[in-house]
Amino acid sequence: MSDNMTTGSADIVDLWATGQDLPDWFTEAMAVPREEAFVEVGGQKVHYFRWGKRGNPPLLLTHGFLAHARCFAFIAPFLAEEYDIVAYDLAGMGESEIGAEFEGDQRAADMVALADALDLFSGSVKPKIIAHSFGSGVALTAMELAGERFGGLIICDLMIMRPEKLMQHFKGGGGPPGSGKSDKPNNIYADYETARGRFVLAPSQGVQTPFLLEYMAYHSMRRVEDGDEKGWSWKFNPKVFHRSENDQAKWLQAPQRIADLQHRLAIIYGENSKLFDGDSAAYLRELGGTHIPMIAVPHAEHHLMLDQPLAFVTALRSVLALWDIP
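Rules and cut-offs
Residues numbered from 1 in each chain as written. Predicted model: local features only at pLDDT ≥ 70, side-chain atom pairs only at ≥ 80, totals over all residues. Heavy atoms only, no water. Helix = DSSP H or I, 4+ residues; strand = E, 2+ residues; numbered from the N terminus. Phe/Tyr/Trp six-rings, centres within 6.5 Å; stacked < 30°, edge-to-face > 60°. Buried < 20%, exposed > 50% of the residue type's maximum accessible area, 1.4 Å probe, protein only. Lys NZ or Arg CZ within 6 Å of the ring centre and 35° of its normal. Pairing = 2+ DSSP bridges. Right-handed = clockwise from strand over helix to strand, strands pointing away.

*Asks:* Can you help me understand unusual backbone geometry in this one?
*Replies:* Excluding glycine, residues mostly carry a negative phi; peptide bonds, for their part, are mostly trans. Residue P203 is reached from A202 by a cis peptide bond, and omega for that bond is -5°. As for its placement among the helices and strands, P203 is situated in the loop between α6 (192-196) and α7 (210-218). Of note, the phi angle at L66 is positive, near 65°, even though the residue is not glycine. The residue L66 is located in the loop between β4 (58-62) and β5 (84-88) in this model. Phi is positive for D119, close to 65°, though the residue is something other than glycine.

Following this line, the structure appears as structure tokens:
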């Protein structure tokens, strides 16, 4: 293993792992070598992980709202034999910095710039994007901006609903992802247990793999030791909660944008998801998306990698294998 390579085993610490039943597949996946580093994009440091061999077909992975690249840390190793994989933290989430401009087209432009900075466009095979939830919205815009540079996009459980259902979702308090205030500093909790008690999944759902929830919760927080302020707080920057005036309009437009995308596309969703269901798939087909493969992961809700991680890996492998056929 080279000096700049480690393994995800360092992520397994007593504070979250004690008392958890960690299956062999997880510990073996976390033992796969990975690079962890930062790269500058648009003047901001972007945190990323990288697995696999340089020169293999590249994959670019990103996460949902308020999540971070570690949601793929136990998924990517199953693809590392065949691919060169980068998973990164979106601006203001995880370990990535956030600048003055970070919404909409800027996030998408940063995704393209990140792929450029990490030489994902330098080989003979175009990089493919795998993105979950909010990250899928970023990736969709990136494909509209520079789709000819990518080999395809796998959307994972992006919120897609008919207009009347979507507006009802908003009125019921579901809203676009996130409910915090962009000008309110993150709370600081006296101890880890108190902070952990504030970590919840959105949308709310049951926990099928408790150890993965504990893993994600721990790595969503950071220790704070700044003068008199000591304790635990969130890694994300509150600025990510800022909403543009046309935010709801963008969610209404997303289904048609997906159906109209003139690049290779597939959708993987949780069979029991609250944000993408069988009617979402039917709606996309009605809009012209009959060419898009849409794969439901059995027993999974919105958080595919936490609900059914191995079934999710199988779905990803299947799409990628079909796309890799000359």
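*Asks:* Is there a simple way to think about the packing of aromatic side chains in this case?
*Replies:* Here the distance between the centres and the angle between the planes together describe a pair of aromatic rings. This structure, assessed with the given rule, holds 21 aromatic pairs. For the ring pair W16 and Y215, a centre distance of 5.4 Å and an interplane angle of 65° mean the geometry is edge-to-face. Linking W16 in helix α1 (residues 14-17) with Y215 in helix α7, this pair joins segments that are 199 residues apart in sequence. An identical accessibility class is assigned to W16 and Y215; each is buried. Aromatic ring contacts, followed pair by pair, group W16, W25, F26, F74, F78, F211 and Y215 into a single cluster. The ring centre of F121 lies 3.8 Å from the NZ or CZ of R149, which sits over that ring.

*Asks:* I'm lost on the pairing of strand β11 (residues 294-297) in this one. Help?
*Replies:* Two faces make up the sheet, and in a regular strand the side chains alternate between them. With 4 bridges connecting them, strand β10 (residues 265-270) and β11 associate as parallel partners. Of the residues in β11, the one forming a bridge with I268 is I295. Chirality of the crossover, the property in question, places the unit of β10, helix α9 (residues 278-286) and β11 among those that are right-handed.

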